[in-house]
Amino acid sequence: VQLQASGGGLVQAGGSLRLSCAASGGTFSTYVMGWFRQAPGKEREFVAAISWRGGSTYYADSVKGRFTISRDNAKNTVYLQMNSLKPEDTAVYYCAATRGTISDRRSDNYRDWGQGTQVTVSS
């Protein structure tokens, strides 16, 4: 499946952004979808994941309570609503798809990746 992420930008600390990831070329509803991020000089890290129908979600502890992942299978799109943003949330955010296990947070679990969208949070 091909993935196209969008919605990044520059925001002040405490602000909000919503990322979108549009999928094409596959049966979107059969994929577990995830969001990852990579800050400069750091490894890519798991942010959130959502099951096929959206009934199950997982979050990194660092974003729990602030970020919400959702999906619209009719629109082949997954979203990441980010509230109460902090400077440490600054990173390139990637969406990814897998037919693997939702509880497996490793990036190796995900086969298909979007191109990334930059999120910058100023203090």
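This one's a predicted model, so the numbers in the text were calculated from it and none came from an experiment. (Residues numbered from 1 in each chain as written. Predicted model: local features only at pLDDT ≥ 70, side-chain atom pairs only at ≥ 80, totals over all residues. Heavy atoms only, no water.)

Engineer: Can you walk me through the environment of Ser122 in this structure?
Structural biologist: Here Ser122 lies in strand E11 (residues 117-122). Counting along the chain gives 32 residues from Ser122 to Thr90, while the straight-line C-alpha distance between them is 8.4 Å. (Helix = DSSP H or I, 4+ residues; strand = E, 2+ residues; numbered from the N terminus.)

Engineer: What exactly am I supposed to notice about the side chain of Arg71 here?
Structural biologist: Relative to the helices and strands, Arg71 is located in strand E7 (residues 67-72). We note that Arg71 is buried and unpaired, the nearest opposite charge coming from Asp72 at a distance of 8.3 Å. Within the structure, the side chain of Arg71 is placed 2.8 Å from the backbone oxygen of Ser51, a separation counted as a polar contact. Polar side-chain contacts of Arg71 include one of 2.8 Å to the side chain of Asn73. Apart from the residues lying within four places of it in its own chain, the contact partners of Arg71 are Phe28, Ser29, Tyr31, Val32, Met33, Ile50, Ser51, Trp52, Arg53, Gly54, Thr77 and Val78. (Buried < 20%, exposed > 50% of the residue type's maximum accessible area, 1.4 Å probe, protein only. Lys, Arg positive; Asp, Glu negative; His and termini not counted. Salt bridge = Lys/Arg side-chain N within 4 Å of Asp/Glu carboxyl O. Polar contact = N/O pair within 3.5 Å; in protein donor to acceptor, adjacent residues only side chain to side chain. Contact = heavy atoms within 4.5 Å.)

Engineer: Help me understand the packing of aromatic side chains in this model?
Structural biologist: Centre distance and the angle of the planes are the two values used to describe a pair of aromatic rings. According to the stated counting rule, one finds five aromatic pairs in the structure shown. The interplanar angle of 75° and the centroid separation of 6.4 Å between the aromatic rings of Tyr94 and Trp113 together place this pair among those described as edge-to-face. Taken together, the positions of Tyr94 in strand E9 (residues 91-98) and Trp113 in strand E10 (residues 112-113) put the pair 19 residues apart, joining distant regions of the chain. In this structure Trp113 comes out as partly exposed when scored by relative accessible area, which is 26%. Lying over the aromatic face of Phe28, Arg71 brings its terminal NZ or CZ to 4.4 Å of the ring centre. Residue placement shows Arg99 over the ring face of Tyr31; its charged tip is 4.3 Å from the ring centre. (Phe/Tyr/Trp six-rings, centres within 6.5 Å; stacked < 30°, edge-to-face > 60°. Lys NZ or Arg CZ within 6 Å of the ring centre and 35° of its normal.)

Engineer: Looking at this structure, I do not really get the side chain of Thr77. What am I missing?
Structural biologist: Structurally, the position occupied by Thr77 is in strand E8 (residues 77-82). A residue is classified by how much of its surface remains accessible, and Thr77, at 10% relative accessible area, is buried. At 2.8 Å, the side chain of Thr77 forms a polar contact with the backbone oxygen of Lys75. When sequence neighbours within four positions are dropped, the list of residues in contact with Thr77 reads Ser20, Cys21, Ala22, Phe28, Arg71 and Asp72.

Engineer: Can you help me understand the pairing of E8 in this one?
Structural biologist: One face of the sheet, then the other: side chains in a regular strand alternate in exactly this way. Of all six residues making up E8, five are buried, and the element is well covered by its neighbours. Pairing analysis gives six bridges linking E7 to E8, with the strands arranged antiparallel. Residue pairing across strands places Thr68 opposite Gln81, the latter belonging to E8. (Pairing = 2+ DSSP bridges.)

Engineer: What should I look at first to understand the sheet that holds strand E3 (residues 17-24) in this one?
Structural biologist: What links the strands of a sheet is backbone hydrogen bonding, and the strands pair in either a parallel or an antiparallel sense. Read from one edge of the open sheet, four strands run E1-E3-E8-E7, paired in antiparallel fashion. The outermost strands of the open sheet, each flanked by one partner alone, are strand E1 (2-6) and E7. Strand after strand, the sheet turns through a mean of 15° between neighbouring axes, direction not considered. One ladder, built from six bridges, connects E3 with E8; its direction is antiparallel. Bridge assignment links Arg18 to a residue of E8, and that residue is Gln81. (Axes fitted to C-alpha atoms, helices over the stretch in contact; angles between N-to-C directions.)

Distances and angles like these do not, on their own, reveal function.
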